[in-house]
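If you want the building blocks of each chain, they are given just below.
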Amino acid sequence: MKFNYLIKKFFYLNITLKNAIVQRAFNVLSLSKFRGRRQQVFKSQAIARQSPPTRVHHFSLERDPPFPPSFLHPNSFRLKGLMGTVDAANKDVNVSLADKKPTVVFVLGGPGSGKGTQCANIVEHFHYTHLSAGDLLRAEIKSGSENGYDIHTCLQKLDITMIQNMIKEGKIVPSEVTIRLLQKAMLESGNDKFLIDGFPRNEENRAAFEAVTKIEPEFVLFFNCPEEEMERRLLSRNQGREDDNIETIRKRFMVFLQSSLPVIEYYKAKGKVREIDAAKPIEEVFEAVKVVFIRKDEQVTA
Ligand SMILES: Nc1ncnc2c1ncn2[C@@H]1O[C@H](COP(=O)(O)OP(=O)(O)O)[C@@H](O)[C@H]1O
Ligand SMILES: Nc1ccn([C@@H]2O[C@H](COP(=O)(O)OP(=O)(O)O)[C@@H](O)[C@H]2O)c(=O)n1
């Protein structure tokens, strides 16, 4: 009886001991797994803290940013410091753009002066790629509104709505957005000759583009047209644009006078402006435009 009791006790102790050993081993394993995971988390947090921001570039400008801080979404980084500071990913983009030494012609003029119309003619005759800043922004709004998010530019619904409102108000969208769209379009085009239409529209656009891309325009084509004529054209443009109403048109004229004309003056001082009388009929305007481009080609071959 006592012997039976001892044997039972032995087996019971044995099982309890084995369970304890197994449990202990399990605890050790889980703890080390947890520690490993925790270290991994710490490691990736440290890497995230150290690594430079990628994809989206933002550069701080000398004057106040025209966008409220809420414009920035969580995966964008506004870099404080020198104007033109770009992140790692964009450095590559800019290096490869600058390497190509593209020919860039800025096409400027008031709203409705005929920039888009003449750019289409130049493309046909002189094989440039036409990049309209306004068209790129409108395309971005369209794709953003359809998808709620633009995977290429990291713009989110809130940003897209803000851009849309700025265009409705005739305001100039921050350079960081417009330049990103221009860079992307330039790289994707495969061409090395660009007509950049409706850009730079203010001093911020101009300085940021030069600082970021290191590209200087070959020359600036300036379509000079009286306001009454531009107003007439815009009111009958009929492209369903939300900003082609008399109220916004007047605001756009104001922005042109205050912000865009000083950019034209800046390039005039550098001898880079080729001024065209844009009040004439389309064909006559293009005759004058052709002279500018033929002269440019002759200069290159001379
Ligand atoms: N020289 C011109 N004479 C008359 N109408 C013009 C002329 N150039 C353009 N237009 C018309 O004026 C409107 C605005 O021209 P557009 O090229 O879109 O201007 P911008 O790109 O400068 O805003 C369009 O409907 C266009 O057909
Ligand atoms: N560089 C640019 C070009 C256009 N835009 C915006 O896009 C609108 C339309 O520009 P656009 O060049 O297509 O048209 P026009 O005003 O020249 O007719 C402008 O009024 C601005 O709101 C901008 O913010 N920045």
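What you see is a predicted model; the values in this text were computed from it and never measured. (Residues numbered from 1 in each chain as written. Chains lettered and ligands numbered in written order. Predicted model: local features only at pLDDT ≥ 70, side-chain atom pairs only at ≥ 80, totals over all residues. Heavy atoms only, no water.)

A. Main features of the packing of helix H6 (residues 175-189) against helix H7 (residues 203-213). Running from N to C, H6 and H7 point in directions that differ by 50°, and their axes come no closer than 10 Å. Between H6 and H7, the interaxial angle falls into the category oblique. The crossing of H6 and H7 is right-handed. Two secondary-structure elements touch here, H6 through Ser 175, Ile 179 and Gln 183 and H7 through Glu 204, Asn 205, Ala 208, Phe 209, Val 212 and Thr 213. (Axes fitted to C-alpha atoms, helices over the stretch in contact; angles between N-to-C directions. Helix = DSSP H or I, 4+ residues; strand = E, 2+ residues; numbered from the N terminus. Parallel < 35°, antiparallel > 145°, perpendicular 65-115°, else oblique. Left-handed = near helix turned anticlockwise from the far one by under 90°. Contact = heavy atoms within 4.5 Å.)

B. Quick peek at the site of ligand 1. The environment of ligand 1 is made up of 13 residues, and the closest members are Lys 115, Gly 116, Thr 117, Arg 237 and Lys 280. Here an oxygen atom of ligand 1 sits 3.0 Å away from a polar atom, N or O, in the main chain of Gly 112. A distance of 2.9 Å separates an oxygen atom of ligand 1 from a polar atom in the backbone of Gly 116. When ligand 1 sits alone it has 560 Å² of accessible area, and the protein chains cover 77% of it. For ligand 1, the cavity whose grid points lie within 2 Å of the majority of its atoms is the largest pocket. The biggest single contributor to the shell around ligand 1 is helix H3 (residues 115-126), with 3 residues. (Near = heavy atom within 4 Å. Polar contact = N/O pair within 3.5 Å; in protein donor to acceptor, adjacent residues only side chain to side chain. Areas by Shrake-Rupley, 256 points an atom, 1.4 Å probe, with all protein chains shown as cover. 1 Å grid on protein atoms, 1.4 Å probe; cavity = no way out; pocket = protein on both sides within 12 Å on 5 of 7 lines; lining within 4 Å. Sits in = over half its atoms within 2 Å of the grid points.)

C. Summary view of the UniProt feature "binding site: a ribonucleoside 5'-phosphate" (unreviewed entry) in the chain. The sites that UniProt annotates as "binding site: a ribonucleoside 5'-phosphate" (unreviewed entry) are Arg 138, Lys 171, Ile 172, Val 173, Gly 198, Phe 199, Pro 200, Arg 201, Arg 241 and Arg 252. Of the annotated positions mentioned, Arg 138, Lys 171, Ile 172, Val 173, Gly 198, Phe 199, Arg 201, Arg 241 and Arg 252 line the largest pocket. Mapped onto the fold, Arg 138 is located in helix H4 (residues 133-147). Residues within four places of Arg 138 in sequence aside, it is in contact with Ser 132 and Arg 241. A distance of 2.7 Å separates polar atoms of two side chains, one belonging to Arg 138 and the other to Asp 135. Relative to the helices and strands, Pro 200 resides in the loop between strand E5 (193-197) and H7. A relative accessible area of 1% places Pro 200 in the buried class. Not counting the four nearest positions on each side in its chain, Pro 200 is found in contact with Phe 106, Leu 108, Asn 205, Arg 206, Val 263 and Tyr 267. (UniProt positions renumbered as here; feature names shortened; annotations may be inferred. Buried < 20%, exposed > 50% of the residue type's maximum accessible area, 1.4 Å probe, protein only.)

D. Seen up close, the layout of surface pockets. Roughly 940 Å³ of volume is contained in the largest pocket. Surrounding the largest pocket, 44 residues form its lining, Lys 115, Arg 201, Arg 237, Arg 241 and Arg 252 being those nearest its centre. Contributing elements (two or more residues each) for the lining of the largest pocket: strand E1 (103-109), H3, strand E2 (129-132), H4, helix H9 (246-269) and helix H10 (282-301). For the lining of the largest pocket, the per-class residue count stands at 15 nonpolar, 17 polar and 12 charged. (Points joined across faces, edges and corners; volume = space filled by probe spheres on them. Nonpolar A, V, L, I, M, F, W, Y, C, P; charged D, E, K, R; others polar.)

E. Focus on the nonpolar core. With 24 residues, the main nonpolar core has Val 104, Phe 106, Met 186, Ile 196, Phe 199 and Phe 209 as its most contacted residues. Every element with two or more residues in this core is listed here: E1, H6, E5, H7, strand E6 (219-224) and H9. With residues near it in sequence (within four places) discarded, Phe 199 still touches Phe 106, Val 107, Leu 108, Ala 133, Thr 178, Ile 179, Leu 182, Asn 205 and Phe 209. Ranked by size, the runner-up nonpolar core spans 22 residues in total, among them Val 105, Phe 126, Leu 234 and Val 292. (Core = buried A, V, L, I, M, F, W, Y, C linked by side-chain atoms within 4.5 Å.)

F. Molecular detail of the pattern of salt bridges. With the rule as written, the count across this model stands at 19 salt bridges. A salt bridge links Lys 251 to Glu 169; its shortest N-O distance comes to 2.9 Å. Residue Lys 251 is located in helix H9, and its partner Glu 169 is located in the loop between helix H5 (157-168) and H6; the two are separated by 82 residues in the primary sequence. When its relative accessible area of 30% is taken as the criterion, Lys 251 is described as partly exposed. With a relative accessible area of 35%, Glu 169 lands in the partly exposed category. The shortest N-O distance in the salt bridge between Arg 252 and Asp 244 comes to 3.0 Å. (Salt bridge = Lys/Arg side-chain N within 4 Å of Asp/Glu carboxyl O.)

G. Broad picture of the side chain of Arg 206. Within the secondary structure, Arg 206 is located in helix H7. The residues contacting Arg 206, other than those within four sequence positions of it, are Pro 200, Val 263, Tyr 266 and Tyr 267.

H. Spotlight on the packing of aromatic side chains. According to the stated counting rule, one finds 8 aromatic pairs in the structure shown. The interplanar angle of 65° and the centroid separation of 5.5 Å between the aromatic rings of Phe 199 and Phe 209 together place this pair among those described as edge-to-face. Separated by 10 residues along the polypeptide, Phe 199 in the loop between E5 and H7 and Phe 209 in helix H7 bring together distant segments of the chain. The exposure class of Phe 209 is buried, given its relative accessible area of 1%. Centre to centre, the rings of Tyr 266 and Tyr 267 are 5.0 Å apart; their planes meet at 85°, and the pair counts as edge-to-face. (Phe/Tyr/Trp six-rings, centres within 6.5 Å; stacked < 30°, edge-to-face > 60°.)

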